[in-house]
Amino acid sequence: MRCILVGVKTKDKTEKELKNSLSELEGLVEAVNGKTLGKLYQKRDVPDPATFIGKGKAHQLRELAEGVEADTIVFDTDLSPVQITNIENITKVRVIDRTDLILSIFSERAKTRQAKLQVELATLQHQLPRVYGQKGKALSRIGGGMKTKGAGEKLGEIKVRRIKDRISKIKKELEQIKKQRKQQRKWRNKDPDLLKVALVGYTNAGKSSLLNRLTKRDTFISDQLFATLDTKTSYMVFPDIGKKVILTDTVGFVKDMPQEIMEAFMATLEEVEEADLILHVVDVSDENWPEKLESVEKILRKINAGDKPTIVALNKVDKIIPSPEFLDDSEEGILTGNRDSVIISTEKGWNLKKLREKIKEYSIVLKEPSYYGGN
C-alpha cells in the first residue's frame, strides 16, 4: 500500500495536534506494511460536504497521487460515503479513512474467536451507513467485488438486511462469551486473596512486554501499533503475604478511538471495569506522552473506570537516560500530576522490583474487608 496522508486543521484542532495525529496515522500505515509517500495539509473551518477538502484541493491531491504513484489516500478523519465516492472519482485512487485503516489492522491481528468476532462486528457497523448512503454505487467496497449498475437500490436493501442479520448473530455469540467471562470473574471475586489488575495504555506503550516481565510469561511482543488485540491473563504470587494477583492485558487505545471499535470491544473492556486496580502503562520516551495519558484516562472515564485506584507506569525510560543511576524517584509524582507513579524500563528491568512492591501494597490494602465496607 503506497499512501498519501491527508490532514485538515479545523478551528478546534491546533497545528501540533494535527502534526501528532498525522504522525500517528503514518504509524498505523506502517502497521499494515504500507508506505507513506507524501502528506497533504489543509486549513479549513468547516469540512466540504462533497469532498471534505474542497474540489480544488481534491484535484491537487490527484496530481500528488499521480506524481508519487500512490495507490491509496488515507484521511485522518471519518468520511461520509458521498465524500469517499467523490474524492475517488476525482483522484482515481482508492480512498479510506482513519477508521477503515484501524479496522484493517485489527482484522489482521485478531487471533482468538472473540477478537475476530469483535473486529467483524466493528467493521460491519462501520460499513452499514455506507450501504445506506451509497445504495448500489459502491457495494464493491463492502464485500466481494460485486459490480452493481442499475438495480443498485434493490441490491443495497439486500445487503443491508444481510449485514443486519450478521450483526445480530455476532452480538448473540459475543453475549455468550460475555456470560462465560462473567462466570470466570464471579469465581475470581470469591477469592479474598486475589487482586484483579487490568493493564491499560496507549497502543505500543509496552503493556504486553510488561506483562511478560512481571509474570515470566511469553507473549507476542512487537514494536508496532496494535501488535496484540486479544485479552491475555497471567498471575503473580506473593507467598510471604498469601496474596495472588491476576493481571489482564487489554487492547491498546488511540486518541479518538472509533465508536464502532469501542462498542465492539466492550466485552474486553469489561475486564477493566471489573478490575480492583488499573496499571496504566505510558511510553515516557514519546514526546506526546502527557496527551496520550490523558486520552487513555478519557476512555477510562467513558467506561466508568476513571475513579479506580491506578498506578501509572512510566515505561521506556531507557530511551531517555543511559543507566538506572539517573532515575529520580522524586520526579514520578511531579511528572504525572501527583498520580501514583513509578518510572520503569521493561526492557532493561529497571524499577520493576519497585513496581511489584507497589502492586503488593495494593493487594493488601484493596483486599482488606474495611476497604469495601466490610466488617
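Reading guide: rules and limits
- Residues numbered from 1 in each chain as written.
- Predicted model: local features only at pLDDT ≥ 70, side-chain atom pairs only at ≥ 80, totals over all residues.
- Heavy atoms only, no water.
- Patch = residues over 30% accessible without salt bridge, like charges linked within 9 Å, V, L, I, M, F, W, Y side chains within 5 Å.
- Areas by Shrake-Rupley, 256 points an atom, 1.4 Å probe, with all protein chains shown as cover.
- Salt bridge = Lys/Arg side-chain N within 4 Å of Asp/Glu carboxyl O.
- Lys, Arg positive; Asp, Glu negative; His and termini not counted.
- Charge placed at Lys NZ, Arg CZ, Asp CG, Glu CD.
- Helix = DSSP H or I, 4+ residues; strand = E, 2+ residues; numbered from the N terminus.
- Buried < 20%, exposed > 50% of the residue type's maximum accessible area, 1.4 Å probe, protein only.
- Pairing = 2+ DSSP bridges.
- Axes fitted to C-alpha atoms, helices over the stretch in contact; angles between N-to-C directions.
- Phe/Tyr/Trp six-rings, centres within 6.5 Å; stacked < 30°, edge-to-face > 60°.
- Contact = heavy atoms within 4.5 Å.
- pLDDT = per-residue confidence, 0-100.
- Right-handed = clockwise from strand over helix to strand, strands pointing away.
- Core = buried A, V, L, I, M, F, W, Y, C linked by side-chain atoms within 4.5 Å.

### Looking at a positive patch on the surface
- A cluster of basic residues, Lys255, Lys298, Arg301 and Lys302, forms a positive patch on the protein surface.
- Note that Arg301 resides in helix H11 (residues 289-302).

### A look at the pattern of salt bridges
- Scanning the entire structure with this criterion turns up 17 salt bridges.
- Of the charged contacts, one joins Asp76 and Arg98 as a salt bridge, the two residues approaching to 2.7 Å between their closest N and O atoms. With Asp76 in the loop between strand E3 (72-75) and helix H3 (81-91) and Arg98 in helix H4 (residues 98-109), this pair connects stretches of sequence that are 22 residues apart. Grouping residues by exposure puts Asp76 and Arg98 together as buried.
- The structure contains a network of salt bridges with shared partners spanning Glu24, Asp76 and Arg98.

### Considerations on the sheet that holds strand E1 (residues 2-9)
- With parallel pairing, the four strands of this open sheet are ordered in space as E2-E1-E3-E4. In this open sheet, the two strands that pair with only one neighbour each are strand E2 (35-43) and strand E4 (94-97). Strand-to-strand twist across the sheet, computed as the mean angle between neighbouring axes with direction ignored, equals 25°.
- Across four bridges, E3 lies against E4 in parallel orientation.

### Regarding the packing of aromatic side chains
- Inspection of the entire model under this criterion finds one aromatic pair.
- Their ring planes at 80° and their centres at 6.4 Å tell us that Phe52 and Phe75 sit as a pair that is edge-to-face. In this pair, Phe52 sits in the loop between E2 and helix H2 (55-68) while Phe75 sits in strand E3, placing the two residues 23 residues apart along the sequence. As far as the burial class goes, Phe52 and Phe75 line up, both buried.

### Quick word on the sheet that holds strand E10 (residues 341-343)
- Strand order across the open sheet formed by six strands is E6-E7-E5-E8-E9-E10, with mixed pairing between neighbours. Each end of this open sheet is capped by a strand with a single partner; those strands are strand E6 (232-238) and E10. Averaged over all adjacent pairs, the angle separating strand axes in this sheet is 25°, with direction ignored.
- As judged from the six bridges shared by strand E8 (residues 277-283) and strand E9 (residues 310-315), these two strands associate in the parallel manner. From the neighbouring strand, Asp283 faces E9, where its bridge partner is Asn315.
- Along the sheet, helix H13 (residues 352-365) contacts strand E5 (194-201), E6, strand E7 (243-249), E8, E9 and E10; its crossing angle with E6, the most-contacted strand, is approximately 80°.

### As for the confidence of the model for the chain
- Averaged over all residues, the pLDDT of the chain is 85; the fraction at 70 or higher stands at 87%.
- When the criterion is pLDDT under 50, residues 135-149 qualifies, and its contacts beyond four places in sequence or with other chains add up to 28 contacts.

### Here's the deal with helix H8 (residues 207-215)
- Here H8 lies mainly inside the structure; eight of its nine residues are buried.
- Residues of H8 that are buried: Lys207, Ser208, Ser209, Leu210, Leu211, Asn212, Leu214 and Thr215.
- The elements touched by buried residues of H8 are E5, E6, E7, E8, E9 and H13.
- Two residues or fewer past H8, Lys216 is found with a positive phi of approximately 60°.

### Some details on the pairing of E2
- Of the strand pairs in this sheet, E1 and E2 are connected by eight bridges, and their pairing is parallel. Bridge pairing links Leu5 to Lys39 in E2.
- After leaving E1, the chain enters helix H1 (residues 15-31) and then returns to the sheet as E2, a path that is right-handed.

### Quick notes on the nonpolar core
- Membership of the largest hydrophobic core comes to 51 residues, with the highest contact counts inside it found for Val74, Leu101, Phe253, Ile261, Val272 and Leu300.
- A per-element tally of this core places helix H5 (residues 113-134) first, with eight residues.
- Excluding anything up to four places from it in sequence, Val74 contacts Cys3, Ile4, Leu5, Val6, Leu25, Val29, Ile96 and Leu101.
- Grouped together as the second largest cluster of nonpolar side chains are 23 residues, Leu195, Val245, Leu352 and Tyr362 included.

### Some points on the pairing of E1
- Counting buried residues along E1, seven of its eight residues qualify, which places the element largely inside the surrounding structure.
- Here E1 runs beside E3; their pairing, made up of four bridges, is parallel. Bridged to Val6 within E3 is Phe75.

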